[in-house]
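Residue-level listing of the chains:
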Amino acid sequence: LELFEGSLTTRVKSSESVASAVMRLCQGALRVADVWFTMRSRTFETVTDEVELFLKEKSVPFERSQEVLGHSGRAWRIDFHTRMPAASAYVSVLSTGSRGAARTLIDHSVAQWYDLRYQRDTNQSLRFISLFDDTEDVWAEEDFKQVGDLSTVSLWTHRDQLVGLLSA
């Protein structure tokens, strides 16, 4: 297979059937798609690691990947549980390079915040923060609104505002 002007191409030898060449081309396209999706899903860990470094730089005490029980009894993994003198916060990082995966992240986040809301109701100093990785153009305005009904929306490109949210 060859990559030519953004397209995968193959050459058919005179001893080979066109059907086998098409099959080879399809298999190659599937492998390229696998590699592409694998590389895009790694964005999540990279941004979460960047957030961890940022919190350390700003001397924000936190626990990473803490399991918290929701009202339903389901355990939710919170990306960061920060503890500042005035308040604590659950921070969920929403990061992906795919619009399709963005919808899944939004649905998960809404379910998570809804199930955990009883903790915020009993602890007025607890905040819910949805930190969007807005370095990729995958989010729609309705995504921010939907999650914003249950949590405070923060954008990674405005990370200094995050420190203010955590300490207020």
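Owing to the predicted nature of the structure, the values given are computational and were not obtained by experimental measurement. (Residues numbered from 1 in each chain as written. Predicted model: local features only at pLDDT ≥ 70, side-chain atom pairs only at ≥ 80, totals over all residues. Heavy atoms only, no water.)

1. Points about unusual backbone geometry
Now for step 1: You will see that S59, though not glycine, has its phi angle at about 60°, which is positive.
Now for step 2: Position of S59 among the secondary structure elements: in the loop between α2 (43-57) and β3 (62-69).
Now for step 3: If you check the backbone angles, S65 has positive phi at about 55° while not being a glycine.
Now for step 4: Position of S65 relative to the elements: it lies in strand β3. (Helix = DSSP H or I, 4+ residues; strand = E, 2+ residues; numbered from the N terminus.)

2. Remarks on the sheet that holds strand β6 (residues 126-132)
Now for step 1: Pairing is mixed in the open sheet, where 5 strands are placed in the order β3-β4-β5-β6-β7. Two strands bound the open sheet, and with one partner strand each, they are β3 and β7 (152-155). Neighbour to neighbour, the strand axes of the sheet diverge by 40° on average, direction disregarded.
Now for step 2: Looking at chain direction, strand β5 (residues 88-94) and β6 are connected through 7 bridges and run parallel. Within β6, the position partnered with A89 by the bridge is R127.
Now for step 3: Lying on the sheet, helix α3 (residues 99-122) is in contact with β3, β4 (75-83), β5 and β6; it crosses β6 at an angle near 170°. (Pairing = 2+ DSSP bridges. Axes fitted to C-alpha atoms, helices over the stretch in contact; angles between N-to-C directions. Contact = heavy atoms within 4.5 Å.)

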